[in-house]
Amino acid sequence: SQEQAAYLLEILDSIRPETARYAEVLLLTCSRRSELCKADMAGAELRFHAHKRGSPRIFRIEGKLKALLASGTPKWNRDSWEKASAKFEEKFGFRVRPHDLRRTGLTWAGQNPAATLLSLQKLGGWKSLGMVSHYLHPDSSAMAPVSPTP
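The present account deals with the structure reproduced in this document. Predicted, not measured: the structure shown is a model, and the values here were computed from it.

Description of the packing of helix α6 (residues 98-110) against helix α7 (residues 117-124)
For the pair α6 and α7, the least separation of the axes is 10 Å and the interaxial angle reads 155 degrees. On the basis of their axis angle, the class for α6 and α7 is roughly antiparallel. In terms of crossing hand, the pair formed by α6 and α7 is right-handed. Where α6 approaches α7, its residues Arg-102, Leu-106, Ala-109 and Gly-110 are matched on the opposing element by Leu-120, Leu-123 and Gly-124. For the contact of α6 with α7, the residue count by class is four nonpolar, two polar and one charged.

In structure tokens form, the structure reads like this:
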């Protein structure tokens, strides 16, 4: 949820701001932690190489992403993440993994009325449309308009 993501970023920022920036870039780009480690910044673009059975992806560096990447690609810190995840678990009852940020970002992107399956497939970097449904987790309010009525 938005509340959970905000809380996680707040904790990370208090522990190590660079790890908070890293986590926020993961949310915005819906990328895997390992993809961001290997990403290239070229001019006004952030380039992700093909990963696993996926396709390469390119993001324009603008808006919030531009601000987060202004001082270069942030570095990952496992200890900071573990501390933040433990505090997150105390409040919400479950641990959060870096890959959860990819799922969250994709789910949020899917809630945009202009989103299509093809645009979400490209955002996720998949060759198969089937992976889109594997990653999206709409909440009950997003499903209400399409739920059958008794």
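Resuming the write-up.
Details of the nonpolar core
Core analysis: the biggest nonpolar cluster contains 33 residues, and Leu-8, Leu-12, Leu-36, Leu-46, Trp-81 and Leu-101 have the highest contact counts within it. Elements with a contribution of two residues or more to this core: α1 (2-15), α2 (17-29), β2 (45-48), α4 (63-68), α5 (78-92), α6, α7 and α8 (130-135). Looking at which element gives the most residues to this core, the answer is α2, with six residues. Filtering out sequence-adjacent residues up to four positions away, Trp-81 remains in contact with Leu-8, Leu-12, Ala-23, Trp-76, Val-96, Arg-97, Pro-98 and Leu-101.

Digging into α1
Taking 1.5 Å per residue, 14 residues should reach 20 Å; α1 reaches 20 Å between its end C-alpha atoms and fits that length. Those residues of α1 that sit buried are Ala-5, Leu-8, Leu-9, Ile-11 and Leu-12. Down the axis of α1, the sector holding all buried residues measures 160 degrees, keeping them to one side. Along α1, exposed side chains directed more than 90 degrees from the buried face belong to Gln-2, Glu-3, Glu-10 and Ser-14.

Remarks on the pattern of salt bridges
Summed over the entire model, instances satisfying the criterion amount to 11 salt bridges. Where Lys-64 meets Glu-24, a salt bridge forms, and the shortest distance between an N and an O atom there is 3.2 Å. Placement of the pair is Lys-64 in helix α4 and Glu-24 in helix α2, with a sequence separation of 40 residues. On the basis of relative accessible area, Lys-64 is assigned to the partly exposed category, the value being 47%. The closest approach of N and O atoms between Glu-82 and Arg-95, which form a salt bridge, is 3.0 Å. Within this pair, whereas Glu-82 is found in helix α5, its partner Arg-95 is found in the loop between α5 and α6, the two being separated by 13 residues in sequence. Overall, Glu-82 belongs to the partly exposed group, its relative accessible area being 35%. Taken together, the salt bridges that share partners define one network made up of Arg-78, Glu-82, Glu-89 and Arg-95.

Definitions and cut-offs
- Residues numbered from 1 in each chain as written.
- Predicted model: local features only at pLDDT ≥ 70, side-chain atom pairs only at ≥ 80, totals over all residues.
- Heavy atoms only, no water.
- Axes fitted to C-alpha atoms, helices over the stretch in contact; angles between N-to-C directions.
- Helix = DSSP H or I, 4+ residues; strand = E, 2+ residues; numbered from the N terminus.
- Parallel < 35°, antiparallel > 145°, perpendicular 65-115°, else oblique.
- Left-handed = near helix turned anticlockwise from the far one by under 90°.
- Contact = heavy atoms within 4.5 Å.
- Nonpolar A, V, L, I, M, F, W, Y, C, P; charged D, E, K, R; others polar.
- Core = buried A, V, L, I, M, F, W, Y, C linked by side-chain atoms within 4.5 Å.
- Buried < 20%, exposed > 50% of the residue type's maximum accessible area, 1.4 Å probe, protein only.
- Expected span 1.5 Å × (residues − 1).
- Arc of directions from axis to C-beta.
- Salt bridge = Lys/Arg side-chain N within 4 Å of Asp/Glu carboxyl O.

Purely spatial values, then, with no claim about function.
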